[in-house]
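# Structure at a glance
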Amino acid sequence: MRITSGPEFALRPDGDRVVVAVRGELDLESTEQLEHTLRAALAATVGRVDLDLGEVTFCDCAALNVLLSLRERGLKCGKTVAVRSAGPVVERLLTLTGTADLFDEPLAEPDPDPASGSHRADRADRAGSHSGPGGEDTVSSAQDARVEVVQLRRAMQTRPVIDLARGILMASFALSAEDAWRVLVETSQHTNTKLHHLARDLVTAVQGEPPTEAVQEQVAAAVARVRSEPSTGDGMPGEGQ
């Protein structure tokens, strides 16, 4: 279980740009604060928002969606958003989701040392691609990366409804974020239902169409279990069911 006090944000002008430095963890619970800060930066700049994410220690798809939305908003008003620096966690997320190029600096200075490789090559290296003497490691790493890209992109599509369902459970049963996740996972397993399908049904139920009786019973049973059992401390894994 991750226990955080929330991310820290710092804004400072830099010519016709505004630099936003972020420190800490960016997850679903911090997206509102992240969005508010970035919108303020976008409104204050006349040219570009530079993101300093070098001290971000955790970043999930919910935070990435906020960054993508900011980029789109900026383009509509003739402004750009670039990642000036990023830690390993952010670098890997951007690389695996294929969104790294969207946040490249539009007028990057040429590399004075051609032997040092390109900016994108550096990203790939930091993402963990290593080649063995016979090239087998490269093939294996490429296959693993493709699988992870598919999983992450699918998570970006299904995660919002899962997060909504988790929030509904938290509000309905006074659960923590981790316990609400456990309820979702256990109910999914006991009803033999895909996690994102279950989440969709729970979200739909708020609009007046209740889930099946079996789902209601399993949710109630899972809530009772998580209240009577100590947390496993395993945290909330990525959506892969």
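Residues numbered from 1 in each chain as written. Predicted model: local features only at pLDDT ≥ 70, side-chain atom pairs only at ≥ 80, totals over all residues. Heavy atoms only, no water.

The strand order across the open sheet built from 4 strands is S1-S2-S3-S4, with neighbouring strands paired in mixed fashion. The open sheet is flanked by strand S1 (8-14) and strand S4 (80-86), the only strands paired with a single partner. Each neighbouring strand pair of the sheet contributes to a mean axis angle of 20°, computed without reference to strand direction. Bridging between strand S2 (residues 17-26) and strand S3 (residues 48-59) involves 9 bridges; their strand directions are parallel. From the neighbouring strand, Glu25 faces S3, where its bridge partner is Phe58. (Pairing = 2+ DSSP bridges. Helix = DSSP H or I, 4+ residues; strand = E, 2+ residues; numbered from the N terminus. Axes fitted to C-alpha atoms, helices over the stretch in contact; angles between N-to-C directions.)

Their axes nearest at 10 Å, the elements helix H1 (residues 31-44) and helix H2 (residues 61-76) cross at an angle of 20°. Between H1 and H2, the angle is such that the two are roughly parallel. Our pair here, H1 against H2, has a crossing hand that is right-handed. Between H1 and H2, the contacting residues are Thr31, Leu34, Glu35, Leu38, Arg39 and Leu42 on the first element and Ala62, Ala63, Val66, Leu67, Leu70, Arg73 and Gly74 on the second. Partitioning the contact of H1 with H2 into residue classes produces 8 nonpolar, 2 polar and 3 charged. (Parallel < 35°, antiparallel > 145°, perpendicular 65-115°, else oblique. Left-handed = near helix turned anticlockwise from the far one by under 90°. Contact = heavy atoms within 4.5 Å. Nonpolar A, V, L, I, M, F, W, Y, C, P; charged D, E, K, R; others polar.)

The next thing to look at is the pattern of salt bridges. Within the structure shown, the criterion is met by 9 salt bridges. For Arg17, the salt bridge identified is with Asp50, shortest N-O distance 3.4 Å. Of this pair, Arg17 sits in strand S2 while Asp50 is found in strand S3, placing the two residues 33 residues apart along the sequence. Where Glu186 meets Arg225, a salt bridge forms, and the shortest distance between an N and an O atom there is 2.8 Å. Here Arg225 lies in helix H8 (residues 213-228) and Glu186 lies in helix H6 (residues 177-191), a separation of 39 residues in the sequence. Classification of Arg225 as partly exposed rests on a relative accessible area of 24%. Sharing partners across several salt bridges, the network here consists of Asp14, Arg17, Arg48, Asp50 and Arg84. (Salt bridge = Lys/Arg side-chain N within 4 Å of Asp/Glu carboxyl O. Buried < 20%, exposed > 50% of the residue type's maximum accessible area, 1.4 Å probe, protein only.)

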